[in-house]
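Reading the structure
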Amino acid sequence: MTKTDDIIERLAGDLKPVPRNALRRRFMLGIVPSLAFSLLLMLIILGLRIDMSDVLMLPVFWIKSAYNALIAAAAFAAVFRLSRPDGSEGSFFGLLAVIFAAMAAVAAIQLMTAPVETYPVLILGSSALHCPVLIFGFALPVYAGVVWALRRAAPADLRLVGFVAGIAAGAAGAWVYSWFCTENGMPFVLIWYSLGILLTGALGSLTGPRLLRW
């Protein structure tokens, strides 16, 4: 019994208190630089829209940006909650449904008020095939940053936290891509941006159990 007590005392003697908000700071260190790196990649590879000064005056641009930013914010908050053993996603999936439904309503209104002959442009645009792929690519640095942050955490459901982390990274990558994308169709954003975000979520679901094991 004495030996057991000695071992426990020696093990406990090396413990140091974790600084307050250490996990929050680690998340910031993982997410902010990786998002900046993704934005830099976009500027180097694609560049901003050449008509950016005019586009900034269009409501559709800000709706597109807000759609991705709101999903990213909700998902990052859920990942932070899930990073603890007793954590849960909270109301994330409900918020995700509300954001998606709001965007679907905006897309439906745009279709109802537009001439039928413009539907192919509003739905498919000129970049439907490569839009989800580019979003996925710009999301990868952010996903790597989130995984780095989670490696020092203790999530319980690795597949779920991986999926939500992928959604967060995908939405961040979509937000980055939106500064280059020339599509102004809200149906396009609803379909093809969401597909790119879901692709990153699928990646997180597949790799989470392996990368986040502790």
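Below: a short report on this structure.

Cut-off values and rules
Residues numbered from 1 in each chain as written. Predicted model: local features only at pLDDT ≥ 70, side-chain atom pairs only at ≥ 80, totals over all residues. Heavy atoms only, no water. Helix = DSSP H or I, 4+ residues; strand = E, 2+ residues; numbered from the N terminus. Buried < 20%, exposed > 50% of the residue type's maximum accessible area, 1.4 Å probe, protein only. Contact = heavy atoms within 4.5 Å. Lys, Arg positive; Asp, Glu negative; His and termini not counted. Charge placed at Lys NZ, Arg CZ, Asp CG, Glu CD. Phe/Tyr/Trp six-rings, centres within 6.5 Å; stacked < 30°, edge-to-face > 60°. Salt bridge = Lys/Arg side-chain N within 4 Å of Asp/Glu carboxyl O. Patch = residues over 30% accessible without salt bridge, like charges linked within 9 Å, V, L, I, M, F, W, Y side chains within 5 Å. Areas by Shrake-Rupley, 256 points an atom, 1.4 Å probe, with all protein chains shown as cover. Expected span 1.5 Å × (residues − 1). Bend = angle between axes of the 7 residues up to and from the residue. Core = buried A, V, L, I, M, F, W, Y, C linked by side-chain atoms within 4.5 Å.

Describing the overall build of the chain
When you go through the chain residue by residue, the secondary structure sums to nine helices and zero strands. Counting from the amino terminus, the chain carries its helices and strands in the arrangement α-α-α-α-α-α-α-α-α. Projected onto its principal axes, the C-alpha positions of the chain cover 85 × 35 × 25 Å. Taking all 214 residues of the chain together, the buried fraction comes to 43%. The contacts of the chain with a sequence gap of at least 6 include a subset with a gap of at least 24, amounting to 85%. For the chain, the distance from the average site of its 16 positive side-chain charges to the average site of its 11 negative ones is 7 Å.

Here's the deal with the packing of aromatic side chains
Under the counting rule described, the total for this entry stands at 10 aromatic pairs. A centroid spacing of 5.1 Å and a plane angle of 75 degrees characterise the contact between F61 and W179, whose relative ring orientation is edge-to-face. Taken together, the residues span a long stretch of sequence, with F61 in helix α4 (residues 59-82) and W179 in the loop between α8 (158-178) and α9 (186-211) at a distance of 118 residues. For the pair F61 and W179, a shared accessibility class is recorded, and that class is buried. Between W175 and W179, the aromatic rings sit 5.9 Å apart at their centres with planes inclined by 75 degrees, giving edge-to-face as the arrangement.

A look at the pattern of salt bridges
Within this structure, the stated rule accounts for one salt bridge. Put simply, R49 and D51 hold a salt bridge, and the shortest N to O gap is 3.1 Å.

Let's talk about the environment of V147
Its location among the elements puts V147 in helix α7 (residues 131-150). Sequence-wise, V147 and E89 are 58 residues apart; in three dimensions their C-alpha atoms are separated by 17 Å.

Describing a nonpolar patch on the surface
Among the surface-exposed residues, F37, L40, I44 and I45 lie close enough to one another that they form a single nonpolar patch of about 430 Å² accessible area. Mapping I44 onto the fold places it in helix α2 (residues 22-45). Residue classification places I44 among the exposed positions, given a relative accessible area of 61%.

Some thoughts on α7
For α7, built from 20 residues, the straight-helix expectation of 28 Å at 1.5 Å per residue is met to within 8% by its first-to-last C-alpha distance of 28 Å. A maximum bend of about 35 degrees is found in α7 at L140, where proline P141 lies one to four positions downstream.

As for the environment of T182
Tracing the backbone shows T182 in the loop between α8 and α9. Through-space distance from the C-alpha of T182 to that of S127 is 8.9 Å; in sequence the pair is 55 residues apart.

A few points about the nonpolar core
Looking at soluble globular proteins, one finds that nonpolar side chains tend to be buried together. F27, F76, V79, V146, L150, V164 and Y193 are the most contacted members of the largest nonpolar core, which has 56 residues in total. For this core, the secondary-structure elements that each account for two or more residues are α2, α3 (52-55), α4, α5 (92-113), α7, α8 and α9. Setting aside chain neighbours within four positions, we find L150 in contact with F27, V79, S83, P155, V161, A165 and L212.

Some thoughts on the side chain of N68
Relative to the elements of secondary structure, N68 occurs in helix α4. On the accessibility criterion, N68 (0% relative accessible area) is buried. Ignoring sequence-local partners within four residues, the contact set of N68 consists of A171, A174, W175, S178, Y193 and I197.

Taken by themselves, the reported measurements are silent on function.
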